[in-house]
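Notes for the structure review
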Amino acid sequence: MTENTVRAPRPFPRAIPPWSLLAAGVLAGGLLGGAYGVLTPPSYTATAYVVAVTADKSDTASAQGFAQAYGRVATQLAVLGDAQMWAGVPLKTLQSSVQTETSPDAPMVAVSATSPHALQATDMANAVARSLIQHANETKSDTNVELLQFSRAPKPTTPTSASSKVTGLVGAAAGGLLGGLVLLVRPRRRVEESALQASVPGPAVAADVHGQL
């Protein structure tokens, strides 16, 4: 009688360590963030300042109110339409690149322009500030408020966009966060899958059972 050999059960594959998901997320996020910082061209921001002055120098509340209004007017078509001639860029470029900011404590308007080229950013900021002053002073006899150039926009020497190191760190942090979320939502292994398989009787035990029959 030939003895039937029974093969031992194959062990279950070892589960992936939880920390490997975090490491993979951090590595992938860092690489993608660093690549984004390298491939994206740097951008420069230049800022010019104009100040509102009333005929009565002591009426600061009125000057501040007009400064808030002029800050909203600075990005309108009437102002940007004249500014494009001095800036030498299309109107759409000014609309997408120029922003204004006003201060709650001073009658001042900050005109900022962003561009991949430092000199172009300077020209756009100064052109919009010049156009805003011209439009505001056309009605100064009625408003008793005059806009003056406080400071011209200097040429920026360093980019304002994030460097590749910063984008790499941000990407690594985002990748690690995503890896942590995957760990939280991943399905748990069932108890029966992690338990050992039932033992199979060997050839000797099987022969004894056959002799008792």
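Residues numbered from 1 in each chain as written. Predicted model: local features only at pLDDT ≥ 70, side-chain atom pairs only at ≥ 80, totals over all residues. Heavy atoms only, no water.

1. Here's the deal with the environment of Ala 113
Heads up, the rule is: To qualify as a helix, a DSSP run of H or I must reach at least 4 residues; to qualify as a strand, a run of E must reach at least 2; elements of each kind are numbered from the N terminus. Any two residues having at least one pair of non-hydrogen atoms within 4.5 Å are treated as being in contact.
Secondary-structure assignment places Ala 113 in strand β3 (residues 108-115). The sequence separation of Ala 113 and Met 124 amounts to eleven residues, and the corresponding C-alpha distance is 6.0 Å. When sequence neighbours within four positions are dropped, the list of residues in contact with Ala 113 reads Tyr 44, Thr 45, Ala 46, Ser 97, Val 98, Ala 121, Met 124 and Ala 125.

2. Thoughts on the sheet that holds strand β2 (residues 98-102)
Spelled out, the test is: Strand pairing is defined by DSSP finding a minimum of two bridges between the two strands. For helices, the fitted axis covers only the stretch in contact; all axes are lines through C-alpha atoms, and the angles between them, taken along N-to-C directions, range from 0 to 180 degrees.
In space, the four strands of this open sheet follow the order β2-β3-β1-β4, with antiparallel pairing throughout. Strands with a single pairing partner mark the edges of an open sheet, and in this sheet they are β2 and β4 (145-151). Here the strands of the sheet are splayed against their neighbours by 25° on average, with no regard to which way each runs. The pairing of β2 with β3 spans five bridges and is antiparallel. Note on β3: the bridge partner recorded for Gln 99 is Ser 112.

3. Describing the packing of aromatic side chains
In plain terms, the rule: Two aromatic rings from Phe, Tyr or Trp, using only the six-membered ring of Trp, form a pair when their centres are within 6.5 Å; if the ring planes differ by under 30 degrees the pair is stacked, by over 60 it is edge-to-face, and anything between is tilted. Consider the ring centre and the ring normal. A charge sits over the ring if Lys NZ or Arg CZ is within 6 Å of that centre and within 35 degrees of that normal.
In the structure shown here, the tally under the stated rule is one aromatic pair. If you follow Arg 130 out to its NZ or CZ, it ends over the ring of Trp 86, 4.0 Å from the centre.

4. With respect to a nonpolar patch on the surface
Which entries qualify depends on this criterion: The patch calculation keeps residues exceeding 30% relative accessible area without a salt bridge and links them within 9 Å when they carry like charges or within 5 Å when they are nonpolar (Val, Leu, Ile, Met, Phe, Trp, Tyr). The Shrake-Rupley method, run with a 1.4 Å probe sphere, supplies the accessible areas, and residue values consider only the shown protein chains as cover. What makes a salt bridge here is a side-chain nitrogen of Lys or Arg within 4 Å of a carboxyl oxygen of Asp or Glu, nothing more. Only protein chains enter the accessibility calculation, which uses a 1.4 Å probe. A residue is then buried if its area is under 20% of the maximum for its type, exposed if over 50%, and partly exposed in between.
Together, Leu 177, Leu 178, Leu 181, Leu 184 and Val 185 make up a nonpolar patch on the protein surface, roughly 560 Å² of accessible area in all. Its location among the elements puts Leu 177 in helix α7 (residues 164-185). Assessed through its relative accessible area of 57%, Leu 177 is described here as exposed.

5. Here's the deal with the environment of Gln 64
The residue Gln 64 is located in helix α2 (residues 60-73) in this model. Residue Gln 64 is classed as partly exposed on the basis of its relative accessible area, which comes to 22%. Measuring from C-alpha to C-alpha, the distance between Gln 64 and Thr 54 comes to 9.5 Å, with ten residues separating the pair along the chain. Discounting chain neighbours no more than four positions away, the residues touching Gln 64 are Ser 103, Pro 104, Asp 105, Ala 106 and Pro 107.

6. Quick word on the nonpolar core
Formally: What makes a nonpolar core is a set of buried Ala, Val, Leu, Ile, Met, Phe, Trp, Tyr and Cys residues whose side-chain atoms join them at distances within 4.5 Å.
Residues Val 50, Leu 94, Val 128, Leu 132 and Leu 147 are the most contacted members of the largest nonpolar core, which totals 30 residues. If you list the elements that add at least two residues to this core, you get β1 (44-54), α2, α3 (77-87), β3, α5 (118-137) and β4. A total of nine residues in this core trace back to one element, the largest contributor, which is α5. Ignoring any residue separated from it by four or fewer positions in sequence, one finds Leu 94 in contact with Leu 80, Ala 83, Gln 84, Ala 87, Val 89, Met 124 and Val 128.

7. Some remarks on α3
Cut-off, in case you're wondering: Our arc is simply the arc of the directions from the helix axis toward the C-beta atoms.
Restricting attention to buried positions, one finds in α3 the residues Val 79, Leu 80, Ala 83 and Ala 87. Looking straight down α3, one finds its buried side chains confined to an arc of 85°; they lie on one side. Exposed side chains of α3 directed beyond 90 degrees from the buried face belong to Leu 77 and Met 85. In the core, the buried residues of α3 are packed alongside α2, α4 (91-97) and α5. Once α3 finishes, Gly 88 follows within two positions and takes phi at roughly 75°, a positive value.

8. Topic: unusual backbone geometry
The phi angle at Asn 144 is positive, at roughly 60°, despite the residue not being glycine. Looking at the element boundaries, Asn 144 is found in the loop between α6 (140-143) and β4. For Asn 144, a relative accessible area of 46% translates into the label partly exposed.

9. Quick look at the pattern of salt bridges
What the rule picks out here adds up to one salt bridge. A salt bridge links Lys 140 to Glu 146; its shortest N-O distance comes to 3.9 Å.

10. Things to note about the confidence of the model for the chain
The predicted coordinates ought not to be read in detail in places where the model reports low pLDDT. This is how it is decided: pLDDT expresses, on a scale from 0 to 100, how confident the predictor is about each individual residue.
With 60% of its residues at a pLDDT of 70 or more, the chain shows a mean pLDDT of 76. Predicted confidence is poor over residues 190-200, with pLDDT under 50, and the contacts of this stretch with residues over four places away or in other chains come to six contacts.

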